[in-house]
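# Observations on chain architecture
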Protein chains: 4
Amino acid sequence: MNRTYRRVVAVMGGSICTPHQAEMARAVGRLLAERGAVVICGGMTGVMEAVADGARSAGGLTIGILPGASAQESPPNPHIEVALFTGLREGRNYLIASACEGAIAIGGGYGTLSEIALALRMGKPIVLVDTWEFHLRGETIEVPTATTAEEAVETLWQMMEGRR
Amino acid sequence: MNRTYRRVVAVMGGSICTPHQAEMARAVGRLLAERGAVVICGGMTGVMEAVADGARSAGGLTIGILPGASAQESPPNPHIEVALFTGLREGRNYLIASACEGAIAIGGGYGTLSEIALALRMGKPIVLVDTWEFHLRGETIEVPTATTAEEAVETLWQMMEGRR
Amino acid sequence: MNRTYRRVVAVMGGSICTPHQAEMARAVGRLLAERGAVVICGGMTGVMEAVADGARSAGGLTIGILPGASAQESPPNPHIEVALFTGLREGRNYLIASACEGAIAIGGGYGTLSEIALALRMGKPIVLVDTWEFHLRGETIEVPTATTAEEAVETLWQMMEGRR
Amino acid sequence: MNRTYRRVVAVMGGSICTPHQAEMARAVGRLLAERGAVVICGGMTGVMEAVADGARSAGGLTIGILPGASAQESPPNPHIEVALFTGLREGRNYLIASACEGAIAIGGGYGTLSEIALALRMGKPIVLVDTWEFHLRGETIEVPTATTAEEAVETLWQMMEGRR
């Protein structure tokens with residue numbers, strides 16, 4: 001396919017995160033931007049802010065898919081270049097999973113878990129970093145994980161390339 | 001609150017399920033209907049069909065929140081009395097979590113996991129039955145579980161009553 | 001088609017309406033309920049309240065597709081039997097248009113205009129009663145209108161039957 | 001407000017349009033890009049393609065909010081730089097109205113009418129160009145119109161500035 005539009009990668013993660021998760025998110029954002037991907041996220045604080053910071057610092061484009069209908073309701077973090085106010089609240093989690101070509105999830109929160117599950121439900125490539133573990137009794141769920149930003153981005157990249 | 005509308009309970013579960021899960025779903029549907037709750041679900045096969053079957057058999061009202069825009073796209077199971085075709089695909093998972101006062105999740109699938117996570121994110125009472133287990137490293141996540149239909153419905157009922 | 005689920009008709013209309021529009025909505029609700037249709041609407045005041053009142057008075061089932069995530073945010077009118085809180089705000093207008101088999105629009109407001117347009121966009125049968133007129137320069141737009149509740153319901157019924 | 005994110009303007013319009021509407025859309029896209037606005041649209045053909053073409057030709061950023069869940073379902077036009085596949089079908093019309101700070105509507109179609117109505121419902125600044133006329137009996141609806149691209153963009157700009 002001779003695609004004319006840019007690759008869009010979602011980085012999912014909570015509005016509260018550990019320093020290590022923020023550091024990982026920042027590095028992931030930078031690496032994604034260096035590879036030319038557009039980074040979408042929920043646009044708020046925590047992992048969302050760190051990944052946007054990293055992507056912008058490398059000259060990347062960052063798009064925030066915000067839950068509120070305005071900046072008053074859901075202020076974008078200062079590293080979001082394009083803020084799309086959806087007014088859909090947690091319904092915007094679906095949108096993030098749907099709009100991306102692939103995703104990296106970092107850290108916790110039920111919102112992040114819902115995004116991971118929706119991405120998997122849609123068959124999107126996803127890599128998990130220091131986030132939820134989940135399983136059905138007696139079944140092994142095989143979702144790729146990574147322990148470094150480089151590994152996360154490289155793994156995701158190969159998964160996305162493999163399905164083009 | 002002098003509420004004029006009926007209690008709405010969501011039963012979440014996959015389109016494929018084990019005989020045991022179907023049996024549980026059928027019993028949960030029947031018990032919810034006997035308590036006067038409206039049962040909403042994804043409207044399709046598996047757990048969704050079994051719970052609707054149980055609820056209808058006890059004279060309950062069953063509403064299916066379908067992913068497709070028509071019956072051709074997403075045929076409702078024969079026990080759905082009101083089929084709402086959303087055209088939102090997996091976005092309808094958000095809707096099920098948002099529209100209910102409380103939820104019971106039975107069995108597996110990533111769609112079910114997303115619904116559980118969304119309900120938890122919104123602070124909705126939820127009881128888990130033979131479904132996903134999930135945790136963050138080193139953290140204990142306390143979501144009520146049940147092993148019988150009676151226990152699931154009674155536990156959920158108490159949680160819903162506790163917050164009115 | 002041997003359909004197992006009930007016919008769902010949307011009645012669209014503003015939260016503020018004239019006494020005449022309320023009277024029309026009440027009569028439309030009653031007639032729809034008498035024909036066995038489930039009535040869905042936005043669940044709030046004005047036309048939405050009047051149509052629900054009419055439908056309930058005739059023993060019909062009324063479902064409100066509310067914009068807010070809770071009764072605190074968007075209180076359902078007292079004639080709504082099943083309140084589905086979407087949290088989607090005006091996005092719920094799309095849902096009403098998508099979920100119905102056919103629609104009747106009564107009275108004004110931009111929300112109503114959006115619902116009419118969405119229903120027409122999806123090819124749904126719709127009848128207009130004392131509501132918006134719209135046209136493109138030089139083009140005639142032919143959407144059925146009615147001046148009485150009986151005419152509105154009968155016209156819609158024939159349109160819906162014609163496409164089954 | 002010391003806003004850190006870019007101004008987002010929606011251009012609404014049908015997938016089929018006249019040569020004059022396409023010319024207008026192209027000029028509007030170019031002018032919006034020259035003023036630094038990000039242009040969002042439905043991402044498909046007709047007005048959506050022309051406005052994206054104009055914006056890109058002036059170095060602007062173009063974002064397509066697509067109805068389908070993939071490029072197979074809803075191929076973006078070649079001037080869309082960032083394609084967000086929503087899978088929400090016509091529900092994406094709501095999203096376009098919600099996500100923009102202001103809008104310009106050009107040409108016809110019920111989808112466009114729904115977007116105009118939703119933007120007005122949300123109180124968004126909007127300018128109409130060679131598109132729907134609508135009114136309630138006996139009431140005058142005052143929505144700004146324009147006959148040239150320059151007038152449309154300048155009028156919208158003033159409306160947006162007036163409310164910051």
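In this text the structure is predicted, and so the values were computed from the model without any measurement. (Residues numbered from 1 in each chain as written. Chains lettered and ligands numbered in written order. Predicted model: local features only at pLDDT ≥ 70, side-chain atom pairs only at ≥ 80, totals over all residues. Heavy atoms only, no water.)

### A short note on the relation of the copies chain A and chain B
Two chain copies, one operation linking them: a rotation about an axis together with a shift along it. Keep this limit in mind: The atoms used to superpose the copies are C-alpha atoms, taken from residues with pLDDT of at least 70 in both, and the fit is least squares. The contact criterion used is simple: two residues touch if any of their non-hydrogen atoms lie within 4.5 Å.
Take chain A, turn it by 180°, move it 0.0 Å along the axis, and it overlays chain B with an RMSD of 0.0 Å. Put plainly, the chains are arranged around a two-fold axis. Residue by residue, 100% of the interface of chain A is reproduced at the interface of chain B, so both copies engage with the same surface.

### Some remarks on the packing of aromatic side chains
For any pair of aromatic rings, the description consists of the separation of the ring centres together with the inter-plane angle of the planes. The line we're drawing: Between rings of Phe, Tyr and Trp, where Trp is taken as its six-membered ring, a pair exists when centres lie within 6.5 Å; planes separated by under 30 degrees are stacked, by over 60 edge-to-face, and by other angles tilted. Only DSSP runs of H or I covering at least 4 residues are called helices, and only runs of E covering at least 2 are called strands; the numbering of each starts at the N terminus.
Under the defined criterion, the tally for this structure stands at twelve aromatic pairs over all chains. Ring plane angle 70° and centroid distance 5.8 Å describe the contact between Y5 of chain B and F85 of chain C, whose orientation is recorded as edge-to-face. Pair noted here: Y5 of chain B is in the segment before β1 (8-13) and F85 of chain C is in strand β4 (residues 82-85), and the two residues belong to different chains. Consider the rings of Y110 of chain D and W132 of chain D, whose centres lie 5.5 Å apart with planes at 20°: the pair is stacked. Here W132 of chain D lies in the loop between β6 (126-131) and β7 (133-135) and Y110 of chain D lies in helix α4 (residues 110-121), a separation of 22 residues in the sequence.

### Side note on the pattern of salt bridges
Threshold: By convention in these notes, a salt bridge is any Lys or Arg side-chain nitrogen within 4 Å of a carboxyl oxygen on Asp or Glu. Exposure categories follow from relative accessible area, calculated using a 1.4 Å probe and restricted to protein chains: below 20% of the type maximum is buried, above 50% is exposed, and the middle band is partly exposed.
Scanning the model with the defined rule gives 38 salt bridges over all chains in all. Here D53 of chain A makes a salt bridge to R26 of chain A, at a shortest N to O gap of 3.2 Å. Note that D53 of chain A is positioned in helix α2 (residues 47-57) and R26 of chain A in helix α1 (residues 19-34), a separation of 27 residues in sequence. Of the residues examined, D53 of chain A reaches a relative accessible area of 23% and is grouped as partly exposed. A salt bridge links E90 of chain B to R121 of chain A; the nearest nitrogen and oxygen atoms lie 3.5 Å apart. In this pair, E90 of chain B is assigned in the loop between β4 (82-85) and α3 (91-99) and R121 of chain A in helix α4 (residues 110-121), connecting two distinct chains. Judged by its relative accessible area of 14%, E90 of chain B is buried. Linked by salt bridges that have partners in common, R3, R7, E101 and E161 of chain A make up one network.

### A word on the sheet that holds strand β1 (residues 8-13) of chain A
Strands pair in a sheet through their backbones, by hydrogen bonds, and they do so in one of two ways: parallel or antiparallel. Residue and element names in this part refer to chain A. To be explicit about the condition: Pairing between strands is defined by DSSP: at least two bridges between the two strands are required. Lines are fitted to the C-alpha atoms to define the axes, a helix being fitted only along its stretch in contact, and any angle between axes, read from their N-to-C directions, falls within 0 to 180 degrees.
Judged by pairing direction, the sheet is parallel, and its six strands sit side by side in the order β4-β3-β2-β1-β5-β6 without closing on themselves. For this open sheet the edge positions go to β4 (82-85) and β6 (126-129), each flanked by a neighbour on one side alone. With direction set aside, neighbouring strand axes in the sheet form an average angle of 20°. Sheet analysis places strand β2 (residues 38-41) next to strand β3 (residues 62-66), joined by three bridges and oriented parallel. Paired with V39 across the bridge in β3 is T62. Running over the sheet, α1 touches β1, β2, β5 (102-106) and β6 and is turned about 160° from β5. Most of the contacts of helix α5 (residues 149-162) go to β6, to which it runs at about 165°, and overall it touches β1, β5 and β6.

Any functional reading would require information beyond the geometric quantities listed.
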